[in-house]
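# A structural walkthrough
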Amino acid sequence: MLNPDLKLNKKLFDKDVEHAPIRKGFGEGLLLAGENNPQVVGLCADLTESTHMNLFRDKFPNRFIQVGVAEQNLASVASGMASMGKIPFISSYAMFSPGRNWEQIRTTICYNNRPVKIAGSHAGVSVGPDGGTHQAIEDIAITRVIPRMIVISPCDTLEAQRATIASVETGTPVYLRLAREKTPIMTTKETPFEIGKAQTFWQSDNPQVGIIATGALLYKALETAKKLEDEISIEVLNLSTIKPLDEDAIIKLAKKAGRIITIEEHQIAGGMGSAVAECLARNYPVPMEFVGVHDQFGQSGTPDELIEHYGMGTNSIITTVRRILKR
Amino acid sequence: MYLTDERNIELQEIANKIRVSIIDALVRAGSGHTAGSLDMTDIFTALYFHTLRHRPEEPHWSERDRLVLSNGHICPVLYAAMAHAGYFPVAELKTLRQFGSRLQGHPHRDFLPMLETSSGPLGSGLSQAVGMALADAMDVGTKSARRIYALLSDGELECGQTWEAAMLAGKNNLANLVAVVDRNNIQIDGYTEEVMPLEPLSDKWRAWNWHVIEIDGHNMEEITDAFEKAKAVLENPTVIIAHTVAGKGVPGFERDYRWHGKPPNKEEASKALGELRTLGGKIKQGE
């Protein structure tokens, strides 16, 4: 059952569950963060509306910098602003930031210890018709390996809003992984959020399988748990902070369920599942399965077609659950 | 503040001491970048001993000018200028590039927090300086008393990011920003005009709305004048293209790109130190 303590959306499993893009929550969160803290500034590389930074730009035109299509400059200019006491948020598509400007993020932001917040929108294959060039499915891997970086992949628009506001205060670089499409809203304004804390969204007394999901695919994990409710008991953990990893919650679930499946809209290599595997291999090894992209590039299609094609749909998850039960 | 003759000579003497410290540090380290460190010594001397508003005893003073060294590999001159200016003991220069030293092979703020930035990979320093100037302009306007200095190599002008930053500074009329290009014409693989021609260089900067000043990068009067003139430009960022002689001060090292990335050995260092201490034989050693 859904964890009552988290005050999740009561309509979560209804056909008319509200949908909104995760990136929109970033835009709304940044606006609130800007109202609360005059040091918050926004910088964008020609994708202001698409990343929803226009909300901040329109309210605080003097605290917004348009750098043009220049993501390397975007990262390093933000580093310079941070050195003067600003708390810069930079936004673009994840493929370009942290993709194209990875070295500038590593050196001028993380190595240089400047608290720049990097919002990468259009992560995952669910970007859809734009095709593989614009579908970032390597971004978790390349950000989580950089010392000092916090990596957050919110599950819905409201969690994105809270993660954005929370990232103002960390004093560190933060990567916020955002998605383009409208996805179901699972949380409510009352759902607690803390960077670095995983949350059990679906509880089970004696789970046979533990599912750890990040981003909007968490919804499919919950659907699976509900669908199989009478047959297989599953517990579902929302791992929105991928770094620092909530090792206690992961180990606890592995001990309880004895089998772990990870679900993410990302390459299996180097992603959230890899982080979980690194943790469990050291602490409490159990059989694991990984739902994600298998060393392939994306392509054009509708988000649903692509999620199915790359093996991340509900049916694939159910198959994976049945497979791990045999191990 | 313009130079008196007396002050000019004083600065040249300081520059000579800094060059001696650079050679000392490099020969002890056994690796490091000689040519650029020596050819930027006069400019670092002018900045740290004449132009910069700074407080070596209070390195984090908020109203200080900011100095961003983009081509971090010439940090021997940065460290030596800072040490002679009183930021830390000159004796510490002998730890350059050693395990645990505050003086990392490329500058790192984790080890020496009084640095404005950690640098090494080329092409990102101007962007950081532009960010500082933008933040300063947001808070107090581009006519702020705080000035942001970005020191660049000519080789790193081959990085596209430098021009991304130049465009943004021109667009925002960052009059509080001064870039200095070390136009020594060399880089690791050879002479810049053979590796990747940069000329017409001043036209490139003008095209992005920068005010351009070209100087002899070893003439103390021209250097300090250029920094003063830049203060009178209120509508554009200024770039000072400093024509320098790679390896300046040690005749055997001058104009030879092979000195870009290697240190002198003991014998070469001893000869170089002799030349520096006697100002090329003009005075007796020990005087």
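Just so you know, these numbers come straight off a predicted model, no measurement behind them.

### Things to note about the overall build of chain A
In terms of regular secondary structure, chain A is built from twelve helices and 14 strands. Since a compact globule built from 327 residues should have a radius of gyration of about 20 Å, the 19 Å found for chain A is in line with a globular shape. Projected onto its principal axes, the C-alpha coordinates of chain A cover approximately 60 × 40 × 40 Å. Considering only intrachain contacts with a sequence separation of at least 6, the fraction spanning at least 24 residues in chain A is 79%.

### Some details on the overall build of chain B
For chain B, the helix and strand inventory stands at ten helices and seven strands. In summary, chain B has a C-alpha radius of gyration of 18 Å against a globular reference of 19 Å for 287 residues, a match within 12%. With the C-alpha coordinates of chain B rotated into their principal frame, the extents come out at 50 × 45 × 40 Å. Evaluated residue by residue, chain B yields a buried proportion of 51% over its 287 residues. For chain B, long-range pairs separated by at least 24 residues make up 76% of all intrachain contacts whose partners lie at least 6 apart in sequence.

### Overview of the pairing of strand E3 (residues 177-183) of chain B
All names here are of chain B. The buried count for E3 comes to seven of seven residues, which makes it a mostly enclosed element. Strand direction decides the pairing type here: strand E2 (residues 148-153) and E3, joined by six bridges, are parallel. Bridging from a neighbouring strand, Ser 153 pairs with Asp 182 of E3. Between the parallel elements E2 and E3, the chain passes through helix H6 (residues 160-171) in a crossover that is right-handed.

### A closer look at helix H12 (residues 314-325) of chain A
Structurally, the α-helix is built with 3.6 residues per turn, so residues lying three or four positions apart point the same way. All names here are of chain A. With twelve residues, H12 extends 17 Å between its outermost C-alpha atoms, agreeing within 8% with the 16 Å of an ideal straight helix rising 1.5 Å per residue. Those residues of H12 not exposed but buried are Ile 317, Thr 320, Val 321 and Ile 324. Buried residues in H12, looked at end-on, bunch into an arc of 105°, giving them a common side. Turned more than 90 degrees away from the buried face of H12, the exposed residues are Asn 315, Arg 322 and Arg 323. Looking at the packing, one finds that the buried side of H12 touches strand E10 (209-213), helix H8 (218-227), strand E11 (234-238), strand E13 (260-267) and strand E14 (288-293).

### Focus: the interface of chain B and chain A
Contacts between chain B and chain A engage 23 residues on the former and 24 residues on the latter. Secondary structure elements with two or more residues in the side of chain B that touches chain A: helix H5 (125-140) and H6 of chain B. Counting residues per element, the side of chain B that touches chain A draws most heavily on H5 of chain B, which supplies ten residues. By residue class, the composition of the side of chain B that touches chain A is ten nonpolar, eight polar and five charged.

### Quick word on the domain arrangement of chain A
All names here are of chain A. For chain A, the assigned domains read domain 1 (4-16 + 192-325) and domain 2 (19-184). If you average the C-alpha positions of domain 1 and of domain 2, the two centres end up 24 Å apart. Facing 32 residues of domain 1, the contacting portion of domain 2 comprises 32 residues. If you list the elements that add at least two residues to the side of domain 1 that touches domain 2, you get H8, strand E12 (241-243), E13, helix H10 (272-283) and helix H11 (303-309). In terms of residue class, the side of domain 1 that touches domain 2 is made up of 16 nonpolar, 14 polar and two charged.

### Quick word on unusual backbone geometry
A cis geometry characterises the amide bond from Lys 243 of chain A onward to Pro 244 of chain A, with omega recorded as 0°. Position of Pro 244 of chain A relative to the elements: it lies in the loop between E12 and helix H9 (247-257). Although it is not a glycine, Asp 46 of chain A adopts a positive phi angle of roughly 65°. Structurally, Asp 46 of chain A can be placed in the loop between strand E2 (40-44) and helix H2 (54-59). Of note, Asn 185 of chain B is a non-glycine position whose phi angle comes to about 70°, a positive value. Summarising the element assignment, Asn 185 of chain B is placed in the loop between E3 and strand E4 (186-187).

### Structural notes on the sheet that holds strand E6 (residues 150-152) of chain A
Remark on secondary structure: sheet strands pair via backbone hydrogen bonds, oriented parallel or antiparallel. Residues and elements named next belong to chain A. An order of E3-E2-E4-E5-E7-E6-E12 is seen for the seven strands of this open sheet, with the pairing classed as mixed. Either end of the sheet is taken by a strand with one partner, and the two such strands are strand E3 (64-66) and E12. Ignoring which end each strand starts from, the neighbouring axes of this sheet average 20° apart. Of the strand pairs in this sheet, E6 and strand E7 (residues 174-177) are connected by three bridges, and their pairing is parallel. The partner of Val 151 across the bridge, within E7, is Tyr 175.

### So, the packing of H9 of chain A against H10 of chain A
Residue and element names in this part refer to chain A. Remark: H9 packs on H10, axes separated minimally by 10 Å, with the N-to-C direction vectors making an angle of 65°. Judged on the interaxial angle alone, H10 and H9 are roughly perpendicular. As H9 packs across H10, the resulting crossing turns out to be right-handed. On H10, the residues touching Glu 247, Ile 250, Ile 251 and Ala 254 of H9 are Val 276, Cys 279, Leu 280 and Asn 283. Classifying every residue of the contact of H9 with H10 gives six nonpolar, one polar and one charged.

### Looking at the pairing of strand E5 (residues 117-121) of chain A
All names here are of chain A. Taken across its five residues, E5 has five buried, putting it largely inside the fold. Residues Lys 117, Ala 119 and Ser 121 of E5 are buried on one face, and the alternating residues Ile 118 and Gly 120, pointing to the opposite face, are buried as well. Relative to E5, strand E4 (residues 87-93) runs parallel, the two sharing five bridges. Along E5, the bridge assignment pairs Ser 92 with Gly 120. Pairing of E5 with E7, which is carried by four bridges, proceeds in the parallel orientation. By the bridge assignment, Ala 119 is partnered in E7 with Leu 176.

### Some words on the environment of Ala 150 of chain B
Residues and elements named next belong to chain B. Residue position: Ala 150 is located in strand E2. For the pair Ala 150 and Pro 59, spaced 91 residues apart in sequence, the C-alpha separation works out to 18 Å. Those residues in contact with Ala 150, other than ones at most four positions away along the chain, are Val 68, Ser 70, Gly 125, Leu 126, Ala 129, Leu 177 and Ala 179.

### Some remarks on the sheet that holds E11 of chain A
All names here are of chain A. Here we have five strands laid out as an open sheet, ordered E9-E11-E10-E13-E14, and mixed in their pairing. Each having just a single partner strand, strand E9 (199-202) and E14 make up the two edges of the open sheet. Geometrically, the sheet is characterised by an average inter-axis angle of 25° between neighbouring strands, direction not taken into account. Each of E9, E10, E11 and E13 is contacted by H8, which is oriented at about 165° to E11, the strand it contacts most.

### Regarding H8 of chain A
All names here are of chain A. Burial of H8 is extensive: seven of the ten residues sit out of reach of the surface. For H8, the set of buried residues is Leu 218, Tyr 219, Lys 220, Ala 221, Leu 222, Thr 224 and Ala 225. Elements that come into contact with the buried residues of H8 comprise strand E8 (182-184), E9, E10, E11, E13 and H12.

Conventions adopted
- Residues numbered from 1 in each chain as written.
- Chains lettered and ligands numbered in written order.
- Predicted model: local features only at pLDDT ≥ 70, side-chain atom pairs only at ≥ 80, totals over all residues.
- Helix = DSSP H or I, 4+ residues; strand = E, 2+ residues; numbered from the N terminus.
- Rg over C-alpha atoms; globule rule 2.2 N^0.38 Å.
- Contact = placed C-beta atoms within 7 Å.
- Buried ≥ 20, exposed ≤ 12 C-beta atoms within 10 Å, placed from the backbone.
- Pairing = 2+ DSSP bridges.
- Right-handed = clockwise from strand over helix to strand, strands pointing away.
- Expected span 1.5 Å × (residues − 1).
- Arc of directions from axis to C-beta.
- Nonpolar A, V, L, I, M, F, W, Y, C, P; charged D, E, K, R; others polar.
- Domains from an automatic or database assignment.
- Axes fitted to C-alpha atoms, helices over the stretch in contact; angles between N-to-C directions.
- Parallel < 35°, antiparallel > 145°, perpendicular 65-115°, else oblique.
- Left-handed = near helix turned anticlockwise from the far one by under 90°.

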